[in-house]
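# Geometric and topological summary
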Protein chains: 2
Amino acid sequence: VKTYLDCVPCIIKQAVRAPRRFTDDPVVLERILRKTMLAITEFDLSRTPPEMGCVLNHIMNRELGNPDPYLEEKRRFNMLASELLPGLRKEVKSAADPFETAVRLAVAANYIDFGAPAGRTDGLLAALFTEALSQPIKGGGASAIKRLRELAGEADSILYLADNAGEIVIDRLVIEQLPRGKVTVAVREGPAINDALFEDASVAGLDEVAEVVTSGVDLPGTPLNACPPAFVERFRSARLIISKGQGNFETLSDEPGTIFFLLVVKCPTVAQHLSCEVGDFVVAKNASN
Amino acid sequence: VKTYLDCVPCIIKQAVRAPRRFTDDPVVLERILRKTMLAITEFDLSRTPPEMGCVLNHIMNRELGNPDPYLEEKRRFNMLASELLPGLRKEVKSAADPFETAVRLAVAANYIDFGAPAGRTDGLLAALFTEALSQPIKGGGASAIKRLRELAGEADSILYLADNAGEIVIDRLVIEQLPRGKVTVAVREGPAINDALFEDASVAGLDEVAEVVTSGVDLPGTPLNACPPAFVERFRSARLIISKGQGNFETLSDEPGTIFFLLVVKCPTVAQHLSCEVGDFVVAKNASN
């Protein structure tokens, strides 16, 4: 997904709103806005929206003098999700279809998002997960989940691209359903909004059930042309890729390979791409293969 | 009203959407957006939102190679309003309170707006005017209308600041209620979105019932520090000023003098200033006197 003209006012709105979480100094707020606008004025729109988001985050973090302003929120959501995990794991185990239930919960967990216009940032996680068990799945729907299960059973290497902190705790439920010893989880290399880093993967205990690597970039998505060769090689050689969240979708929607996108749709542009609505739960396989 | 940080993403959104009315050339659309962002990056936020809007309009009109892109829409709304005028004049004449009825209709007519986030641009004018007769008036409400009538009866000079084309046709109903020979109507000097110009005042026949002048600027508001001395002198010497629309409110809310603001509220920032909601019909006297 390239960056549309409509993405520009959206990022400028975020340039006004996001920093208010961290400061009420009008001088700092105005400087972040002006510097972001100036930088976006030169942004190449053939690049992806997460790369534009990254421009804002670098400016904001520098002006705030804080390399990881969302750290506290990330920890809070890791904790909230960890508290819910045992109950949700029971839910999965007792379900008629444990795989589908795990996938549904992992999609719902993608609601935890501070960077998207329609991300949910409150603590109403428990209600969200209950909703997720019955809510219709868009994109490929139930048949995409079925196909994902089949391909996961056959694949000798699975790359799981995590998205946000908190969410990554719930991702463990899906990873526990995948064949042991074949899964690599990728997190961001450095702070990118509230996206999961190595620390968050550890809190989620993913190092116990999978190999954990980083994408090599501090971007809220995975634009392969910006990632180091070692990561790109890992991506290209994976037989199955499970991609969480809108940022990964926006950067990988045109890549070849067998990619399943699991996300909550958070903006009208992506909704249009996926022929669905903002707020929809999506499991969609990419076109190739 | 100064320009708030939140006004910036709003104007950038307009920089994406407004030009689409007039072209679908992606190169022109992108150039208008980038040039507007670059210009707004340097905009002094102590100036008013209509002055920021003017930056976009100058850039858009230049890039479109069209000094008055809204001309056709302005003429269309003048015509629509003119068709409704005889019926509305009957409504005023047969009303228990003709003055209040005329004011209500003139406030409602301010819905015709192409420059504001919540302006109404469809042709549902007739329904709008019916609504206006019973809808609660916010700001000073009915007592502000009563006070306006009293002051209008006493004033030896009344300055009526028009806002949009189409709307200005309905303004005539209020002007017909004011003492003859004492009213001056001010329109914009040059194209500013769909704001009324001299041509529109003529279509409305206002030159038959009042003196018509221009503000001296092509801005969707009346920032006195940008207006020529002759207009400022006229403004300062008027005993009563009736100001139509949000742009005039935003540029004149802090001026001394006896000013009544008649408008439909079109954005959350102005709504907050007036302690009301977006979409509310407002008649409000300024603080001084």
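Scoring rules and cut-offs
Residues numbered from 1 in each chain as written. Chains lettered and ligands numbered in written order. Predicted model: local features only at pLDDT ≥ 70, side-chain atom pairs only at ≥ 80, totals over all residues. Heavy atoms only, no water. Helix = DSSP H or I, 4+ residues; strand = E, 2+ residues; numbered from the N terminus. Rg over C-alpha atoms; globule rule 2.2 N^0.38 Å. Contact = heavy atoms within 4.5 Å. Areas by Shrake-Rupley, 256 points an atom, 1.4 Å probe, with all protein chains shown as cover. Lys, Arg positive; Asp, Glu negative; His and termini not counted. Charge placed at Lys NZ, Arg CZ, Asp CG, Glu CD. Buried area = accessible area lost by both parts, 1.4 Å probe. Salt bridge = Lys/Arg side-chain N within 4 Å of Asp/Glu carboxyl O. Phe/Tyr/Trp six-rings, centres within 6.5 Å; stacked < 30°, edge-to-face > 60°. Buried < 20%, exposed > 50% of the residue type's maximum accessible area, 1.4 Å probe, protein only. Lys NZ or Arg CZ within 6 Å of the ring centre and 35° of its normal. Pairing = 2+ DSSP bridges. Right-handed = clockwise from strand over helix to strand, strands pointing away. Axes fitted to C-alpha atoms, helices over the stretch in contact; angles between N-to-C directions. Polar contact = N/O pair within 3.5 Å; in protein donor to acceptor, adjacent residues only side chain to side chain. pLDDT = per-residue confidence, 0-100. Patch = residues over 30% accessible without salt bridge, like charges linked within 9 Å, V, L, I, M, F, W, Y side chains within 5 Å.

### Considering the overall build of chain A
When its secondary structure is counted, chain A shows twelve helices and seven strands. Expected size for 289 residues packed as a compact globule is a radius of gyration near 19 Å; at 18 Å, chain A falls within 12% of this value. A principal-axis box enclosing the C-alpha atoms of chain A has dimensions of 55 × 40 × 35 Å. Looking at chain A alone, contacts between residues at least 24 apart form 71% of all its contacts between residues at least 6 apart. Put simply, chain A shows about 11,500 Å² of open surface, and 51% of that area lies on carbon and sulfur atoms. In chain A, which carries 32 positive and 39 negative side-chain charges, the distance between the mean positions of the two groups comes to 2 Å.

### Focus on the interface of chain A and chain B
Each partner contributes to the interface: chain A provides 21 residues, whereas chain B provides 21 residues. In total, chain A and chain B occlude about 1,800 Å² of area from one another, counting both sides; carbon and sulfur atoms represent 66% of this. Interface area lost by chain A to chain B is led by Leu5(A), Arg34(A) and Thr41(A), which between them contribute 33%. Where chain A meets chain B, there are two salt bridges. For Arg20(B), the salt bridge identified is with Asp6(A), shortest N-O distance 2.7 Å.

### Some details on the packing of aromatic side chains
Here a ring pair, both rings aromatic, is described through the centre-centre distance and the interplanar angle of the planes. By the definition in use, this model includes six aromatic pairs over all chains. Judged by centre distance (6.0 Å) and plane angle (70 degrees), the ring pair of Tyr111(A) and Phe281(A) falls under edge-to-face. Linking Tyr111(A) in the loop between α5 (98-108) and α6 (125-134) with Phe281(A) in strand β7 (residues 281-285), this pair joins segments that are 170 residues apart in sequence. Residues Phe22(B) and Tyr70(B) carry aromatic rings whose centres are separated by 4.9 Å and whose planes lie at 85 degrees to one another, so their mutual orientation is edge-to-face. Of the two residues, Phe22(B) is situated in the loop between α1 (7-17) and α2 (26-41) and Tyr70(B) in the loop between α3 (49-64) and α4 (71-94); the sequence distance between them amounts to 48 residues. A residue is classified by how much of its surface remains accessible, and Tyr70(B), at 3% relative accessible area, is buried. Here Lys2(A) stacks its cationic end above the ring of Tyr4(A), 5.1 Å away from the centre of that ring.

### Quick word on the environment of Gly205(A)
All names here are of chain A. Mapping Gly 205 onto the fold places it in the loop between α9 (198-203) and β4 (211-214). Taking the relative accessible area as the measure of exposure, Gly 205 reaches 4% and is therefore buried. In this structure, the C-alpha to C-alpha distance between Gly 205 and Ala 165, residues 40 residues apart in sequence, is 13 Å.

### Regarding the pairing of strand β5 (residues 240-244) of chain B
All names here are of chain B. With five of five residues buried, β5 lies mostly within the body of the structure. Of the two faces of β5, both are covered, the one formed by Leu 240, Ile 242 and Lys 244 as well as the one formed by Ile 241 and Ser 243. Pairing geometry for strand β2 (residues 158-161) and β5, over four bridges, is parallel. Opposite Leu 159, over in β5, you have Ile 241 as the bridge partner. Relative to strand β6 (residues 259-264), β5 runs parallel, the two sharing four bridges. In the sheet register, Ser 243 faces β6, and the bridge partner there is Phe 261. Note that the unit made of β5, helix α12 (residues 245-252) and β6 has a crossover that is right-handed.

### Remarks on the pairing of strand β7 (residues 281-285) of chain B
All names here are of chain B. With respect to burial, β7 is a largely interior element, four of its five residues being buried. In this structure, β6 lies alongside β7, joined through five bridges in antiparallel fashion. Within β7, the position partnered with Phe 260 by the bridge is Lys 285.

### With respect to the sheet that holds β4(A)
Residue and element names in this part refer to chain A. Taking strand neighbours across the sheet as the criterion, the seven strands line up as β1-β7-β6-β5-β2-β3-β4 in an open arrangement whose pairing is mixed. Edge strands, defined here as strands with exactly one partner in the open sheet, are β1 (137-139) and β4. With direction set aside, neighbouring strand axes in the sheet form an average angle of 20 degrees.

### Concerning the environment of Glu167(A)
All names here are of chain A. Checked against the element boundaries, Glu 167 lands in helix α8 (residues 167-175). When the C-alpha positions of Glu 167 and Ser 157 are compared, they lie 22 Å apart, and in sequence the two are ten residues distant. For Glu 167, the contacting residues outside a window of four places in its chain are Ala 106, Ala 109, Asn 110, Ile 112 and Lys 244. Among the polar contacts made by the side chain of Glu 167, one reaches the side chain of Lys 244 at a distance of 2.7 Å.

### Comments concerning the side chain of Glu167(A)
We classify Glu167(A) as buried; its relative accessible area is 0%. A polar contact of 3.0 Å, which involves the side chain of Glu167(A), links it to the side chain of Asn164(A).

### Overview of α1(B)
Given 3.6 residues to a turn, an α-helix orients residues that are three or four positions apart in the same direction. Of all the eleven residues making up α1(B), eight are buried; the element is thus mostly covered by neighbouring parts of the structure. Taken as a whole, α1(B) has its buried residues at Cys7(B), Val8(B), Pro9(B), Ile11(B), Ile12(B), Gln14(B), Ala15(B) and Val16(B). Buried residues along α1(B) sit in contact with α1 (7-17) and α2 (26-41) of chain A together with α2 and α3 of chain B.

### So, the confidence of the model for chain A
On average, chain A scores 94 in pLDDT, and the residues at 70 or more come to 96%. In the predicted assembly, ipTM is 0.88 and pTM is 0.91.

### A word on a positive patch on the surface
Taken together, the side chains of Lys13(A), Arg17(A), Lys13(B) and Arg17(B) present a region of like positive charge at the surface. Listing elements by their share of the positive patch, those giving two or more residues are α1 of chain A together with α1 of chain B. Secondary-structure assignment places Lys13(B) in helix α1. Exposure remark for Lys13(B): the relative accessible area of 37% places this residue in the partly exposed category.

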